[in-house]
Amino acid sequence: MPKTALVISAHAADFVWRCGGAIALHAEKGYEVTVLCLSFGERGESAKLWKQEGMTLDRVKDARRAEAERAAEALGVHDLVCLDLGDYPLELTRADKDRVVEVLRRVQPSFMLSHSQYDPYNTDHSYATQVALECRMIAQAWGHEPGQKVLGAPQLYLFEPHQTEQMGWKPDTFLDITPVWDRKRAAIECMEGQEHLWDYYTRVAQNRANHFKRNSGGQSGGRDCRYAEGFQSIFPRTVDEL
Ligand SMILES: [Zn+2]
């Protein structure tokens, strides 16, 4: 059985900027990575499309879905699941959460990825993480849909938010994504509606690469790295050696 991972993305493009490198890297390592987009970001993260004459909600959603599909293909995503639950605000019913739980139990991820826990600019993002934690908990409950395979204890990594310091987000893990940078940049360029972010997220990856180098030993045997992504983990690790 191949290893698996699950990304829970509030909007269609978030997985690209924030963990596209992690997705492509693990896909190359043989992981089957599922991306769950709770919404398309059709109302709140599609300004460039809305500035076009005669735009409708359905046309924006179609365009965002097409972009997300192209980006997922560039990254080697195994399965892109779009729940189309609406954005700004994103709100899930109990039945919607059961669909997320079903995905969690089906995928049985080795690790999960989602947003920062606090985001005053974009409450959809922090809400997605609250949903991820709630659904992880339900998926672990033996009394929920008895007979199904219950979920183990996958780590939840929080990927880097847009205005890092404002979100109280503090990375404890840096992932070298240099070998797959071209794939991440290709996926970024699928996001035609948000061209203003392409170079910004390239610089974020270069800055995080510097932190990777420093924390891997710096001038005393540190590893070279050109592009990296940072993550904050929620749960402790269980180890036999430090
Ligand atoms: Zn978003």
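What you are looking at is a predicted structure, and each value in this text was computed from that prediction instead of being measured.

Participant: How should the sheet that holds strand β3 (residues 79–82) be read in this particular structure?
Facilitator: Sheet strands pair via backbone hydrogen bonds, and the direction of the pair is either parallel or antiparallel. An order of β3-β2-β1-β4-β5-β7-β6 is seen for the 7 strands of this open sheet, with the pairing classed as mixed. The open sheet is flanked by β3 and β6 (173–176), the only strands paired with a single partner. Going from strand to strand, the sheet's axes swing by 25° on average, the running direction of each strand aside. Summarising the sheet, strand β5 (residues 155–159) and strand β7 (residues 228–233) pair through 3 bridges and their orientation is antiparallel. The residue of β7 that forms the bridge with F159 is F231. Across the sheet, helix α5 (residues 123–139) lies against β1 (4–9), β4 (111–114) and β5, angled at about 155° from β4, the strand it touches most.

Participant: Even after reading the chapter, I still don't get the layout of surface pockets, so can you show me in this structure?
Facilitator: Once rolled over the atoms, a probe with the size of a water molecule shows which space is left empty. By volume, the largest pocket is sized at about 360 Å³. In terms of lining, the largest pocket is formed by 21 residues, of which the most central are E45, H162, Q194, H196 and L197. Among the elements that line the lining of the largest pocket, the one with the most residues is helix α1 (residues 14–28), at 3 residues. Its volume calculated, the second largest pocket comes out at about 250 Å³. Contributing elements (two or more residues each) for the lining of the second largest pocket: β2 (32–37) and α4 (94–107). Taken together, the residues of the lining of the second largest pocket break down into 3 nonpolar, 4 polar and 5 charged.

Participant: How do you make sense of the coordination of the zinc ion when you look at a structure like this?
Facilitator: In an ideal octahedron of six donors the angles at the metal are 90 or 180 degrees, and in an ideal tetrahedron of four donors they are 109.5 degrees. Donor atoms from the polypeptide that coordinate the zinc ion comprise H11 (ND1), D14 (OD), D14 (OD), E45 (OE), E45 (OE) and H125 (NE2), at 2.1 to 2.6 Å from the metal. Geometry at the zinc ion is irregular, judged from its 6 donor atoms and the angles of 52 to 160° they form at the metal. The motif formed by the donor residues of the zinc ion, counted along the single chain, is H-x2-D-x30-E-x79-H. Taken together, the residues span a long stretch of sequence, with H11 in the loop between β1 and α1 and E45 in the loop between β2 and α2 (47–50) at a distance of 34 residues. Look at E45 and you get buried, because its relative accessible area is 11%.

Participant: Where do I start with the pattern of salt bridges in this structure?
Facilitator: Oppositely charged side chains are able to pair whenever their charged atoms sit close together. Applying the stated criterion to the full structure yields 15 salt bridges. Here D224 makes a salt bridge to K213, at a shortest N to O gap of 3.6 Å. Of the two residues, D224 is situated in the loop between α7 (198–215) and β7 and K213 in helix α7; the sequence distance between them amounts to 11 residues. Taking the relative accessible area as the measure of exposure, D224 reaches 55% and is therefore exposed. Given the relative accessible area of 30%, K213 is considered partly exposed. Taken together, the shared-partner salt bridges connect D79, E102 and R106 into one network.

Participant: Looking at this structure, I do not really get empty space enclosed by the protein. What am I missing?
Facilitator: Scanning the model with the defined rule gives 1 cavity of 30 Å³ or more in all. The volume enclosed by the largest cavity comes to roughly 70 Å³. Together, W17, R18, E160, K184, Y201, V204, A205, A228, E229 and G230 line the largest cavity. When contributions to the lining of the largest cavity are tallied by element, the ones reaching two or more residues are α1, α7 and β7. Among the residues forming the lining of the largest cavity, the class breakdown is 5 nonpolar, 1 polar and 4 charged.

Participant: For this particular structure, what's the right way to read the packing of aromatic side chains?
Facilitator: Between two aromatic rings, the relevant description is the distance of the centres plus the angle of the planes. Counting across every chain of the model gives 6 aromatic pairs. Centroid distance Y157 to F231: 6.1 Å. Interplanar angle 65°. Geometry classified as edge-to-face. Here F231 lies in strand β7 and Y157 lies in strand β5, a separation of 74 residues in the sequence. In this structure Y157 comes out as buried when scored by relative accessible area, which is 19%. Exposure remark for F231: the relative accessible area of 4% places this residue in the buried category. Taken together, Y31, F111, Y157 and F231 form an aromatic cluster joined through their ring pairs. Over the ring of F235 we find R136, and its NZ or CZ is 3.8 Å from the ring centre.

Calculation notes
- Residues numbered from 1 in each chain as written.
- Predicted model: local features only at pLDDT ≥ 70, side-chain atom pairs only at ≥ 80, totals over all residues.
- Heavy atoms only, no water.
- Pairing = 2+ DSSP bridges.
- Helix = DSSP H or I, 4+ residues; strand = E, 2+ residues; numbered from the N terminus.
- Axes fitted to C-alpha atoms, helices over the stretch in contact; angles between N-to-C directions.
- Contact = heavy atoms within 4.5 Å.
- 1 Å grid on protein atoms, 1.4 Å probe; cavity = no way out; pocket = protein on both sides within 12 Å on 5 of 7 lines; lining within 4 Å.
- Points joined across faces, edges and corners; volume = space filled by probe spheres on them.
- Nonpolar A, V, L, I, M, F, W, Y, C, P; charged D, E, K, R; others polar.
- Donors = N, O, S within 2.8 Å, 3.2 Å for Na, K, Ca; no water.
- Tetrahedral: all angles 85-135°; square planar, octahedral: opposite > 155°, others 65-115°.
- Buried < 20%, exposed > 50% of the residue type's maximum accessible area, 1.4 Å probe, protein only.
- Salt bridge = Lys/Arg side-chain N within 4 Å of Asp/Glu carboxyl O.
- Phe/Tyr/Trp six-rings, centres within 6.5 Å; stacked < 30°, edge-to-face > 60°.
- Lys NZ or Arg CZ within 6 Å of the ring centre and 35° of its normal.

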